[in-house]
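# Descriptive structure summary
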Amino acid sequence: MDCVGKAFSSDVVVMQCGTDALAGDRLGGMNLSSDCLVECLDYLLQWNKPMILLGGGGYKDVNAARTWTQMMGRVVLRRRGVHAVPQDVPLHDHFPMYGPDFRFKVPGGYVRDENSDQSLEEVIQCVTGMLESHSAKAQNNFSFT
């Protein structure tokens, strides 16, 4: 993410918080836990820039609600100097939908990871190259000297 921040050097960070990559999502079919998205948020919060958090995809409503609650709780409580978000879902009209554990955390899945180290490295190199190219073009196009 540092290379993204460097390439765009924006004054504001926009994070799209779609939950379709969470385990259990019927469309995404991936393995992520809600902790993964919260860790991404924590990383971006360290940049100390204003943030806009957008909801997005996610086709298991309860897991989207769980994750977005964790993320919003993290932002609000962090401003108050608290770094731990409560994990128990409070009683409310839709409480039974959060069973069987009634916790905010969405656990990761068990789908086998078929990505090779080589294929992941190729993707990282490709994205890094595109970001470097963008950064160079932006410097040439927006020079005010």
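Our subject is the structure that appears above.
This report concerns the structure included in the present document. This structure is a prediction, so every number in the text was calculated from the model and none was measured. (Residues numbered from 1 in each chain as written. Predicted model: local features only at pLDDT ≥ 70, side-chain atom pairs only at ≥ 80, totals over all residues. Heavy atoms only, no water.)

We now examine the layout of surface pockets. Roughly 230 Å³ of volume is contained in the largest pocket. Top element by residues in the lining of the largest pocket is helix H4 (residues 117-141). It accounts for 3 residues. (1 Å grid on protein atoms, 1.4 Å probe; cavity = no way out; pocket = protein on both sides within 12 Å on 5 of 7 lines; lining within 4 Å. Points joined across faces, edges and corners; volume = space filled by probe spheres on them. Helix = DSSP H or I, 4+ residues; strand = E, 2+ residues; numbered from the N terminus.)

The first and last C-alpha atoms of helix H3 (residues 61-79) sit 27 Å apart over 19 residues, in line with the 27 Å expected at 1.5 Å per residue. Every buried residue of H3 is listed here: Val62, Asn63, Ala64, Arg66, Thr67, Gln70, Met71, Gly73, Arg74 and Leu77. Taken together, the buried residues of H3 touch strand E1 (13-16) and helix H2 (34-45). Where H3 terminates, the next one or two residues include Gly81, which has phi positive at roughly 85 degrees. (Expected span 1.5 Å × (residues − 1). Buried < 20%, exposed > 50% of the residue type's maximum accessible area, 1.4 Å probe, protein only. Contact = heavy atoms within 4.5 Å.)

The next subject is the pattern of salt bridges. Side chains carrying opposite charge are able to pair once their charged atoms draw close together. Taken as a whole, this structure holds 5 salt bridges when the rule is applied. Between Arg74 and Asp42 there is a salt bridge, with its nearest N and O atoms 2.7 Å apart. With Arg74 in helix H3 and Asp42 in helix H2, this pair connects stretches of sequence that are 32 residues apart. As far as burial versus exposure is concerned, Arg74 and Asp42 are alike and both buried. Asp88 is the salt-bridge partner of Arg103, the closest N and O atoms lying 2.5 Å from each other. On the criterion of sequence distance, the pair formed by Arg103 in the loop between H3 and H4 and Asp88 in the loop between H3 and H4 is long-range, its members being 15 residues apart. On the accessibility criterion, Arg103 (34% relative accessible area) is partly exposed. (Salt bridge = Lys/Arg side-chain N within 4 Å of Asp/Glu carboxyl O.)

The quantities given are spatial measurements derived from coordinates; they are silent on function.
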